[in-house]
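# Structure at a glance
So you can see what is in the structure, the chains are spelled out below.
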Amino acid sequence: MKITPQRQLLFRLLHGNLGHPSAEGLFATASSHMPGISLRTVYQTLNDLVAMGELRVINFTTGSNRFDPNTDDHHHAECMSCGGLRDVYLGDLDQVPVQGLDGFQRHATSVVFHGVCIDCSTDAPHLGPTHPATTHPSQGSHTT
């Protein structure tokens, strides 16, 4: 993969980013740092990183794909109010009794906790993403 200034910028924006950004969100941030970067370049770079196993693509209730630079074995909690995602870690899932697989060969397990984050639980309660693909400051999104 050729290293270009655009790709370097996207790598920096993704490194340590706990906010699970969307391609459009990354594009907006990248554009503020590098006017003229194209949305196509952002998508192509993200797709290349997913294909290389350096990035995970996730799609939950928010509707648009989000990208996770954390490729460690982990799961997610999704806020049904703001659409925020955060990483969560679970113990040995192989010990959880599961019924109904009947010969199904599992290759991976993904657990998603749906609820309301602490920031939204102090606001007026409502369900459904009000501003998907955004992150709360407490999610530690990295934008340098």
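Everything here concerns the structure above.
Residues numbered from 1 in each chain as written. Predicted model: local features only at pLDDT ≥ 70, side-chain atom pairs only at ≥ 80, totals over all residues. Heavy atoms only, no water.

## Examining the nonpolar core
Selection rule: Among buried residues, the Ala, Val, Leu, Ile, Met, Phe, Trp, Tyr and Cys ones that are joined through side-chain atoms within 4.5 Å form a nonpolar core. Think of it in three bands: residues with accessible area under 20% of the maximum for their type are buried, residues over 50% are exposed, and the middle band is partly exposed, with areas taken using a 1.4 Å probe on protein chains only. In this description a helix means any DSSP run of H or I spanning at least four residues, a strand means any run of E spanning at least two, and both kinds are numbered starting from the N terminus. Residues are treated as being in contact if the distance between any of their heavy atoms lies within 4.5 Å.
Of all hydrophobic cores here, the largest spans 13 residues; its most connected members are Val42 and Leu46. It is helix H1 (residues 5-14) that provides the largest number of residues to this core, a total of 4 residues. Ignoring any residue separated from it by four or fewer positions in sequence, one finds Leu46 in contact with Leu14, Ala23, Leu26, Leu55 and Phe67.

## Thoughts on helix H3 (residues 39-51)
Inclusion rule: What a helix is expected to span follows from its residue count: subtract one and scale by 1.5 Å. In this description, one arc is meant: the one made by directions from the helix axis to the C-beta atoms.
The terminal C-alpha atoms of H3, which comprises 13 residues, lie 18 Å apart, in line with the 18 Å expected from a rise of 1.5 Å per residue. Listed as buried for H3 are Val42, Thr45, Leu46 and Leu49. For H3, the arc enclosing every buried residue in end-on projection is 100°, short of the 170-degree limit, so these residues lie on one face. Exposed residues lying more than 90 degrees from the buried face of H3 are Arg40 and Ala51. Buried positions along H3 lie against H1, helix H2 (23-33) and strand E2 (66-68).

## Overview of the pattern of salt bridges
The test is simple: Any carboxyl oxygen of Asp or Glu within 4 Å of a side-chain nitrogen of Lys or Arg constitutes a salt bridge here.
The final tally for this structure, using the stated rule, is 1 salt bridge. Its salt-bridge partner being Arg7, residue Asp48 comes within 3.7 Å of it at the nearest N-O pair. Within this pair, whereas Asp48 is found in helix H3, its partner Arg7 is found in helix H1, the two being separated by 41 residues in sequence. Under the relative-accessibility criterion, Arg7 is labelled buried at 17%.

## Focus on unusual backbone geometry
Despite not being glycine, His20 has its phi angle at roughly 55°, a positive value. By the element assignment, His20 lies in the loop between H1 and H2. A positive phi angle, close to 35°, is found at Asp102, a residue other than glycine. In this structure Asp102 comes out as exposed when scored by relative accessible area, which is 75%.

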